[in-house]
Structure formats: C-alpha cells, structure tokens
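# Geometric and topological summary
One-letter residues, chain by chain:
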Amino acid sequence: MPGLLERDTRTALRVGGDERPAREELRRQIGRLERELGELAAEAFPRLGIDTAVPSPSGAPRALGLGELEAVRDALATRIGAAQRELAQRDELETRNRELLQRMLDAPADFKWVQISRDDLGEPGCGHWHSLPCLGPIGMLMGWWRVRISSGCPLAGRLAAVERAEPIQA
C-alpha cells in the first residue's frame, strides 16, 4: 500500500509541477504591480485619489488558477496605465497653471479678473491669486491692475464663535 500512495504523490507533483513556476511568476508580477500602484497613489496624494484595491475574480477564498491570476495581473496593469495617464495630465495642467500665474504676475492688466487657486497649482491649503484693479473703479478706468494674493482659509474658530453668538436685542 505505501508504494501506491507514493506513486500517486509523484504523479500529482509531476502534473502540478508545471504550474508551480508559472504561479510563482504571476504572484511576483502581481506583487510588483501592487507596489507600483501604491507608489503612484502616494505620489498623487492629495491631488488625486487613485483606487488601490486589488480585484478578486471570485468571491470565495481559494487558490486562484493561472487564468485568474493572469486576469488579476492584467487588471492591475490596466489600472496602473490609467493612473499614470491621469497623473501626467494633472502634472501638465498644473505646469500650465504655474506658467499662467507667472505671466499674470508679470502683466496683471493682461489677465483682468483671472483667479488661480492653490489647488490649481497642486499646492495644499487654501488661497488664490486674483488680478484686480487698484483703487476699485478708478483703477479699472485708469488701467491700474495688480495681483492680489489671498491669505488663505478663514479661521474656523472665528466662524464658529460668530455662529454661537446670541443676537443683540433692542
């Protein structure tokens, strides 16, 4: 009887032995793609939200076959390509906005009423640059324009205190 069990084990290893290197290679590729997707998400944070979830071809926990591992790898590669294109487009847009801001700072009268926010430049926080006339309507008629830089976000504590204040009764 031991000879029969040994023979079955050897046959099973020979049949499954061809798949083992392919599975290991696919798992290695999937791990590399997951790491690359994570690095892209970290690079894009907070400007872009990149989905880093790994798709599961089946709902039940089990060992995936070669076809399913290939499907996971291909889905990750597709998602990485889309994330790279989106990040490149965002970088290009931010570069154009920085160039626009520089031109606006050099010649404010050429960019009347244009407003560029920190988010448009890919910078964190609140605030914006706005081309406005000096001295209001008189400056507008005289062609006196400047770029005004906002100080950023209003203080949250001040707004909350104003909302809690009781109305004055006469």
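Shown above is the structure to which this text applies.
Residues numbered from 1 in each chain as written. Predicted model: local features only at pLDDT ≥ 70, side-chain atom pairs only at ≥ 80, totals over all residues. Heavy atoms only, no water.

## Section: a nonpolar patch on the surface
Threshold: A residue counts toward a patch only above 30% relative accessible area and without a salt bridge, and it is joined to like-charged neighbours within 9 Å or, for Val, Leu, Ile, Met, Phe, Trp and Tyr, to nonpolar neighbours within 5 Å. Accessible surface is estimated by sampling points in the Shrake-Rupley manner with a 1.4 Å probe; for residues, cover comes only from the protein chains shown. When a carboxyl oxygen of Asp or Glu is within 4 Å of a side-chain nitrogen of Lys or Arg, the pair counts as a salt bridge. Helix numbers and strand numbers start at the N terminus; a helix is a DSSP run of H or I with at least 4 residues, a strand a run of E with at least 2.
Residues Leu135, Ile138, Leu141, Met142 and Trp144 make up a contiguous nonpolar surface patch of about 620 Å² in total accessible area. Along the chain, Ile138 falls in helix α4 (residues 136–142).

## A closer look at helix α2 (residues 19–44)
Condition: Any helix carries an expected span of 1.5 Å times its number of residues minus one. Partly exposed residues are those whose accessible area sits between 20% and 50% of the maximum for their type, while under 20% is buried and over 50% is exposed, using a 1.4 Å probe and protein chains only. In this analysis, two residues are considered to be in contact whenever any of their non-hydrogen atoms come within 4.5 Å of each other.
Taking 1.5 Å per residue as the helical rise, α2 with its 26 residues ought to reach 38 Å, and the 37 Å between its terminal C-alpha atoms agrees with that figure. Among the residues of α2, Arg23, Leu26, Gln29, Ile30, Leu33, Leu37, Leu40, Ala41 and Ala44 are the ones counted as buried. Here the buried face of α2 lies against α3 (66–106).

## Structural notes on the sheet that holds strand β2 (residues 128–133)
To keep things clear, this is the line we draw: Strands are labelled as partners when DSSP assigns at least two bridges between them. A fitted line through C-alpha atoms serves as each axis, taken over the contacting stretch for helices, and the angle formed by two N-to-C directions is quoted from 0 to 180°.
Strand order in the open sheet made by the three strands is β1-β2-β3, with antiparallel pairing throughout. Where the open sheet ends on each side, the last strands, each with one partner, are β1 (115–117) and β3 (145–149). The average angle at which neighbouring strand axes cross in this sheet is 20°, direction not considered. Relative to β2, β1 is paired through three bridges, and the arrangement is antiparallel. Paired with Gln115 across the two strands is His130, which belongs to β2.

## Side note on the pattern of salt bridges
Taken as a whole, this structure holds nine salt bridges when the rule is applied. Notably, a salt bridge pairs Asp119 with Arg90, separated by 3.7 Å at the nearest N-O pair. One end of the pair, Asp119, is in the loop between β1 and β2; the other, Arg90, is in helix α3, and 29 residues separate them in sequence. On the basis of relative accessibility, which here comes to 47%, the residue Asp119 falls in the partly exposed class.

## What about the packing of α2 against α3?
Operational definition: Angle categories: roughly parallel below 35 degrees, roughly antiparallel above 145, roughly perpendicular from 65 to 115, and oblique for all the rest. By definition, turning the near helix anticlockwise from the far helix through less than a right angle yields a left-handed crossing, and turning it clockwise yields a right-handed one. Asp, Glu, Lys and Arg are counted as charged, while Ala, Val, Leu, Ile, Met, Phe, Trp, Tyr, Cys and Pro are counted as nonpolar; the rest, among them Gly, fall into the polar class.
Two elements in contact, α2 and α3, have axes whose closest approach is 9 Å; the angle formed by their N-to-C orientations is 20°. Between α2 and α3, the angle is such that the two are roughly parallel. Judged by the twist between their axes, the crossing of α2 over α3 is left-handed. In the contact of α2 with α3, the residues fall into 15 nonpolar, two polar and eight charged.

## Quick notes on unusual backbone geometry
The phi dihedral of Trp113 falls on the positive side, at around 70°, and the residue is not glycine. Under the relative-accessibility criterion, Trp113 is labelled partly exposed at 46%. Within the chain, Leu135 stands out as a residue other than glycine whose phi angle is a positive 60°. In this fold, Leu135 is placed in the loop between β2 and α4.

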